[in-house]
Amino acid sequence: MQIGRIVGNVWATKKDDDLNGLKFLVVQPIDCYSHYEGHTFIAVDSIGSGIGEIVLVVKGSSARVCLGKKYIPVDATIVGIVDNVEVDKGEKK
Amino acid sequence: MQIGRIVGNVWATKKDDDLNGLKFLVVQPIDCYSHYEGHTFIAVDSIGSGIGEIVLVVKGSSARVCLGKKYIPVDATIVGIVDNVEVDKGEKK
Amino acid sequence: MQIGRIVGNVWATKKDDDLNGLKFLVVQPIDCYSHYEGHTFIAVDSIGSGIGEIVLVVKGSSARVCLGKKYIPVDATIVGIVDNVEVDKGEKK
Amino acid sequence: MQIGRIVGNVWATKKDDDLNGLKFLVVQPIDCYSHYEGHTFIAVDSIGSGIGEIVLVVKGSSARVCLGKKYIPVDATIVGIVDNVEVDKGEKK
Amino acid sequence: MQIGRIVGNVWATKKDDDLNGLKFLVVQPIDCYSHYEGHTFIAVDSIGSGIGEIVLVVKGSSARVCLGKKYIPVDATIVGIVDNVEVDKGEKK
């Protein structure tokens, strides 16, 4: 999985029917030191997360399994809100 | 998922039978600030999108599920036309 | 999906039985302006393509579905021969 | 698969119900010479591994199959603790 | 698929039961000109390959299907030993 910060929303009126009612959030991936890394992507919210929160994101076919419909065209889903990331002191970055 | 701008079409007469009747569009990925990022790729249109539009693209096995045939050789599908991307003001890029 | 140019063949006598009879081609990915981009990879031919042709390649689990056997160890398949890539004039690269 | 060093923990109280009881570890990918390479990511522990250990990680849909629940929103799982990586002497890096 | 050179072995006593008896090999990806490209990764051997050999590797869910167990936590499998890679003379690299 990846951790990332929610930095925005995407609105799309014309979309696949199975996507109706879902919230599309812009996620900026971060590393375990909260540094931004890599490109932003879009994830579906499954637990009531919002802008500014640090979240846990699952990708690929695993992103479909937690949305209640087996055949839903989603490849990235927010499945947790991160309380804390604890990094081993020996690790320098 | 990814957002991208449709920048072209691909025509292929000789192709897998299951792909007949599908529209293949060239997508240039963009980030949430509309900056171009990464390589172009080819996606199947599932909602009537066209050149110049900003679209929402799903990849991997999830790209198959919204085309009505379970075993269709597709790994990227356009599933939404983006109205607007709203980025948190605190975010500088 | 990706478009690419076929630049070679791979021969492997000792291989998984399910791969017998398949043609393994070396594909150089290209962007929509025919510029080479990214590393070469190996794809299975499913439509009679050959060296020098520009082809449409599907990857991941979707690459298995068009080869007639559900459980075949393949993750990239050539599913179309590209006639033409039409890029929107407004696009400069 | 990838090998990596466990460098931290992630805590998330609010998460998908199917993730309850799982341990989320921060993994820093390494190459076969133990050099750090690429971004950190989050993996679920399935064999009792902890901070500082070198582990074997499986990704994608394969990461779901070893956690006892077919439809669990996980895309990276730690499936082994590495005793030793033996590299061919002829290889210089 | 990818071609790569086997450059080492990985030993892991404590691992998922379904992985018992499998050989884990370190693969250095190469391009069609035998140049090293990208990071090393770990693949399961399915055809009796060993250090120094150039092999054909399948990744993702396709890597599971050739190991005789549908739900095995593997995402990269060696499925062929390469005899020869023939590159079109017109191709300069």
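Within each chain, residue numbers correspond to sequence positions counted from 1 in written order. The lettering of chains begins at A and the numbering of ligands begins at 1, in the order of writing. Totals for whole chains, interfaces and linings use all residues, but because this is a predicted model, local features are given only for residues with pLDDT of at least 70 and pairs of side-chain atoms are given and counted only at 80 or more. Side-chain measures were taken over the full set of non-hydrogen atoms in the model, leaving aside hydrogen atoms and water.

K.L.:
Looking at this structure, how should I read a positive patch on the surface?
P.N.:
Distance thresholds for patches are 9 Å for like charges and 5 Å for nonpolar side chains (Val, Leu, Ile, Met, Phe, Trp, Tyr), applied to residues having over 30% relative accessible area and no salt bridge. Using the Shrake-Rupley algorithm and a 1.4 Å probe, accessible areas are obtained, with residue cover drawn only from the displayed protein chains. Whenever a carboxyl oxygen of Asp or Glu lies within 4 Å of a side-chain nitrogen of Lys or Arg, that contact is scored as a salt bridge. A positive count includes Lys and Arg, and a negative count includes Asp and Glu. His and the chain ends are not counted in either. Charge positions come from single atoms, namely NZ of Lys, CZ of Arg, CG of Asp or CD of Glu. Taken together, the side chains of A:Lys70, B:Lys70, C:Lys70, D:Lys70 and E:Lys70 define a basic patch exposed on the protein surface. Starting at the N terminus, helices and strands are each numbered in turn, a helix being any DSSP run of H or I of at least four residues and a strand any DSSP run of E of at least two. Within the secondary structure, A:Lys70 is located in the loop between β4 (54-59) and β5 (76-81). When its relative accessible area of 48% is taken as the criterion, A:Lys70 is described as partly exposed. Throughout this description, buried means an accessible area under 20% of the type-specific maximum (1.4 Å probe, protein chains only), exposed means over 50%, and partly exposed covers the range between.

K.L.:
Before we go on, may I ask you to explain the interface of chain A and chain D in this structure?
P.N.:
Tallying the contact residues gives 29 residues for chain A and 31 residues for chain D. Taking both sides of the interface into account, the surface hidden between chain A and chain D amounts to around 2,500 Å²; carbon and sulfur atoms contribute 54%. Here chain A is connected to chain D by zero salt bridges. Side-chain atoms alone can form a polar contact between residues adjacent in sequence; in general such a contact is a pair of N or O atoms within 3.5 Å, and within protein one must be able to donate a hydrogen while the other accepts it. Along the contact surface separating chain A from chain D lie 17 residue pairs in polar contact (both at pLDDT 80 or more). Put simply, the parts of the chain that give the side of chain A that touches chain D at least two residues each are β1 (2-11), β4, β5 and β6 (84-87) of chain A. Whether two residues are in contact is decided by their heavy atoms: any pair within 4.5 Å suffices. Accessible surface is computed with a 1.4 Å probe, and the buried area is the amount of it that two parts give up when combined, taken over both parts together.

K.L.:
Looking at this structure, how should I read the arrangement of the chains?
P.N.:
Chain A shows no contact with chain C. Their nearest C-alpha atoms sit 10 Å apart. Between chain B and chain E there is no contact, and the shortest C-alpha to C-alpha separation is 10 Å.

K.L.:
What is the right way to read the relation of the copies chain A and chain D from this model?
P.N.:
Both copies of the chain are placed relative to one another by a rotation about an axis and a shift along it. When chain A is fitted onto chain D, the two copies agree to an RMSD of 0.0 Å after a turn of 72 degrees and an axial shift of 0.0 Å. Look at the turn and shift together and you get a five-fold axis relating the two. In this assembly the copies use different faces: only 3% of the residues contributing to the interface of chain A also contribute to that of chain D. Alignment of the copies relies on least squares applied to C-alpha atoms, considering only residues that score at least 70 for pLDDT in both.

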